[in-house]
Amino acid sequence: MIGIVNYGAGNIFSLTAALDRVGIGYGMVNEASDLDLYDRIIIPGVGHAGAAMEKLVQSGLSSYIASLEKPVLGICVGMQLLTSFSEEGNADLLKIVPLKTLHFGGRVTEKVPHMGWNSIQIQNGSTLFQGIEDNAYFYFVHSYFIEYEADFTSAVCRYGVDFSAAIQKNNFYGVQFHPEKSGKDGEQLLLNFSRI
Amino acid sequence: MLAKRIIPCLDVKDGRTVKGVNFVDLRDAGDPVELAWQYSQQGADELVFLDITATHENRKTTIDLVKAVARQVNIPFTIGGGINEVKDADILLNAGADKISINSAAVRNPKLIDDFARAFGRQFVVIAADTRLVDGKQLIHLRGGRERTEIETLNWLQEAEERGAGEILLTSMDHDGTKDGFDTTFLAKVNAMVHIPLIASGGAGSQQHFVDVFEKAGVDAALAASVFHYGEILIPDLKQTLRTAGVVVR
């Protein structure tokens, strides 16, 4: 069973709908003791990273997440929370993955937000991408990105700059795109996570 | 590379699709959820639902529709029509909509764009605008093109972006329904001005029209309704045509 961190940062209906479609069981993590109820955890999140971090701190969950040893998947802003810092709100984040979340604005000439389907290049065969072809398309909607770093980047995407479409450090995984909106490949990724 | 998007638009009234639909495999051509699922299977990149009779009374029907689509369809979708305040948008986003589009309400009360962007983030806010050429000027029209304003379209779109719009859906009323092609000239002008994604709408009649609007106007996405609904253009064929022409598609 997957526990979904329910800290009020964006709607989770699309995520639970996707889990329902592929037949993965889930429940909500509202307080720290709920973390023990599940064998893996998803941190969703949309909107403002700084505001999302504040909500996570207020929920009392932030200090427990870094010490988790079960698989954890951050999606979109939920992934950005795993990094050290975001330029969005100049916010200190969970510091689980020593990378920064940066603004596209001023760094690329492309339109911001980066919105739509973009292809990703899978690095060193992360288990998260099993059964998914290299250069597969996923759906992105974001104005901030996690810098590329060979040690932690498990999939690269290019939008003016090379950035991390997916990251991994030990049991912590993150994807910048929305698997719940990324067709069959997105559903496959969620299935893969449920089997790690 | 970021792919150009193909977006079928479904007009919905009282929870049912209104424009004629001519798919062979449909059990119920009036069911927007089944239609949406079919489009997602065919390779549509995104969907737009336009609730053309959105009123307070049938708001619940719309929410049920959004939930049903979010449950069954694995691509993003936008819902528009009758969204006048943050509360309306909040309910739809929590029901699983990825974006909401506002048109007349934003023109009448531009501050709405600021409010929506602050409440949900700009990526949720699509500004839909209907434009028509009047005495050499592109002017914003309301109520499906029936009501003319004196607002110049370029000025309005620039203001919308500054206020926090995350995307623009621009319909050329002069081209809409003609099947003579998109207004590539004006769309190119808008595309060069804005810094947010632009969806072209109005005039699609052939596959070549889609090639043209991506090549000549550089827009990020193209939207159409009847050519898809009547099966005149099949999305897999269209994607192949675009690919052959060198347009990046999924």
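This structure is a prediction, so every number in the text was calculated from the model and none was measured.

**Q** Kindly report on the overall build of chain A, identifying the contributing residues and their values.
**A** When helices and strands are tallied, chain A shows five helices and 13 strands. Seen along its three principal axes, the alpha-carbon backbone of chain A occupies a region of about 45 × 35 × 30 Å. Within chain A, the proportion of its 196 residues that are buried is 62%. Accessible surface, chain A: about 7200 Å² in total, of which carbon and sulfur atoms supply 46%. Averaged over its 13 positive side-chain charges, chain A has a centre that lies 3 Å from the centre of its 20 negative ones.

**Q** An account of the UniProt feature "domain: Glutamine amidotransferase" (unreviewed entry) in chain A is needed here, citing residue identities and associated values.
**A** The residues that UniProt annotates with the feature "domain: Glutamine amidotransferase" (unreviewed entry) are residues 11–191 of chain A. Helix and strand shares over residues 11–191 of chain A are 20% and 35% respectively, and the end C-alpha atoms of the span are 21 Å apart.

**Q** So, the pairing of strand β4 (residues 72–75) of chain A: which residues are in play, and what are the values?
**A** Residue and element names in this part refer to chain A. Residues V72 and G74 point to one face of β4 and L73 and I75 to the other, with burial holding for every one of them. By the bridge criterion, three bridges tie strand β3 (residues 40–43) to β4 in an arrangement that is parallel. Looking at the pairing, I42 lines up with L73 of β4. With four bridges joining them, β4 and strand β13 (residues 172–175) adopt parallel strand pairing.

**Q** Help me get a handle on the sheet that holds strand β6 (residues 91–92) of chain A, residues and values and all.
**A** The strands making up a sheet associate through hydrogen bonds between their backbones, and the pairing can be parallel or antiparallel. All names here are of chain A. The strand order β6-β5-β7-β10 describes an open sheet built from four strands, whose pairing is mixed. Of all strands in the sheet, those with a lone pairing partner are β6 and β10 (144–146), marking the two edges. Of the strand pairs in this sheet, strand β5 (residues 83–86) and β6 are connected by two bridges, and their pairing is antiparallel. Each residue of the ladder has a partner; that of F85, found in β6, is D92.

**Q** Give a description of the sheet that holds β4(A) that names residues and reports values.
**A** Residues and elements named next belong to chain A. Here we have nine strands laid out as an open sheet, ordered β2-β1-β3-β4-β13-β12-β11-β8-β9, and mixed in their pairing. Unpaired on one side and paired on the other, β2 (26–29) and β9 (137–142) mark the two borders of the sheet. Along the sheet, successive strands turn relative to each other by an average axial angle of 30°, direction set aside.

**Q** Requested: an account of the UniProt feature "active site" (unreviewed entry) in chain B, with residues and values cited.
**A** Residues and elements named next belong to chain B. Feature annotation in UniProt assigns "active site" (unreviewed entry) to the following positions: D11 and D130. With respect to the helices and strands, D11 occurs in strand β1 (residues 5–13). Examined against the element boundaries, D130 turns out to sit in strand β6 (residues 125–134). For D130, a relative accessible area of 11% puts it in the buried group. For D130, the residues in contact, after removing those within four places along its chain, are N103, L139, I140, H141, G144, G145, T171 and M173. Side-chain polar atoms of D130 contact the side chain of N103, separated by 3.5 Å.

**Q** Would you mind going over the environment of A32(A) in detail, with residue names and values included?
**A** Of note, A32(A) is situated in the loop between β2 and β3. With relative accessibility at 22%, the residue A32(A) sits in the partly exposed group.

**Q** Account for the interface of chain B and chain A, naming residues and giving values.
**A** Contacts between chain B and chain A engage 37 residues on the former and 26 residues on the latter. Between chain B and chain A lies a buried interface of about 2500 Å² when both sides are counted; carbon and sulfur atoms form 57% of it. Here chain B is connected to chain A by two salt bridges. On inspection of chain B and its partner chain A, the count reaches 15 residue pairs in polar contact (both at pLDDT 80 or more).

**Q** I'd like to hear about the pattern of salt bridges, residue by residue, with values.
**A** Taken as a whole and assessed by the stated rule, the structure comprises 25 salt bridges over all chains. Taking the shortest distance from any N to any O, the salt bridge between R107(A) and E87(A) comes out at 2.9 Å. With R107(A) in the loop between β7 (97–103) and β8 (114–122) and E87(A) in the loop between β5 and β6, this residue pair connects regions lying 20 residues apart in the sequence. For R5(B), the salt bridge goes to E46(B), with nearest N and O atoms at 2.8 Å. Here E46(B) lies in the loop between α1 (32–42) and β3 (47–51) and R5(B) lies in strand β1, a separation of 41 residues in the sequence. We note that R5(B), like E46(B), is buried.

Criteria and thresholds
Residues numbered from 1 in each chain as written. Chains lettered and ligands numbered in written order. Predicted model: local features only at pLDDT ≥ 70, side-chain atom pairs only at ≥ 80, totals over all residues. Heavy atoms only, no water. Helix = DSSP H or I, 4+ residues; strand = E, 2+ residues; numbered from the N terminus. Buried < 20%, exposed > 50% of the residue type's maximum accessible area, 1.4 Å probe, protein only. Areas by Shrake-Rupley, 256 points an atom, 1.4 Å probe, with all protein chains shown as cover. Lys, Arg positive; Asp, Glu negative; His and termini not counted. Charge placed at Lys NZ, Arg CZ, Asp CG, Glu CD. UniProt positions renumbered as here; feature names shortened; annotations may be inferred. Pairing = 2+ DSSP bridges. Axes fitted to C-alpha atoms, helices over the stretch in contact; angles between N-to-C directions. Contact = heavy atoms within 4.5 Å. Polar contact = N/O pair within 3.5 Å; in protein donor to acceptor, adjacent residues only side chain to side chain. Buried area = accessible area lost by both parts, 1.4 Å probe. Salt bridge = Lys/Arg side-chain N within 4 Å of Asp/Glu carboxyl O.

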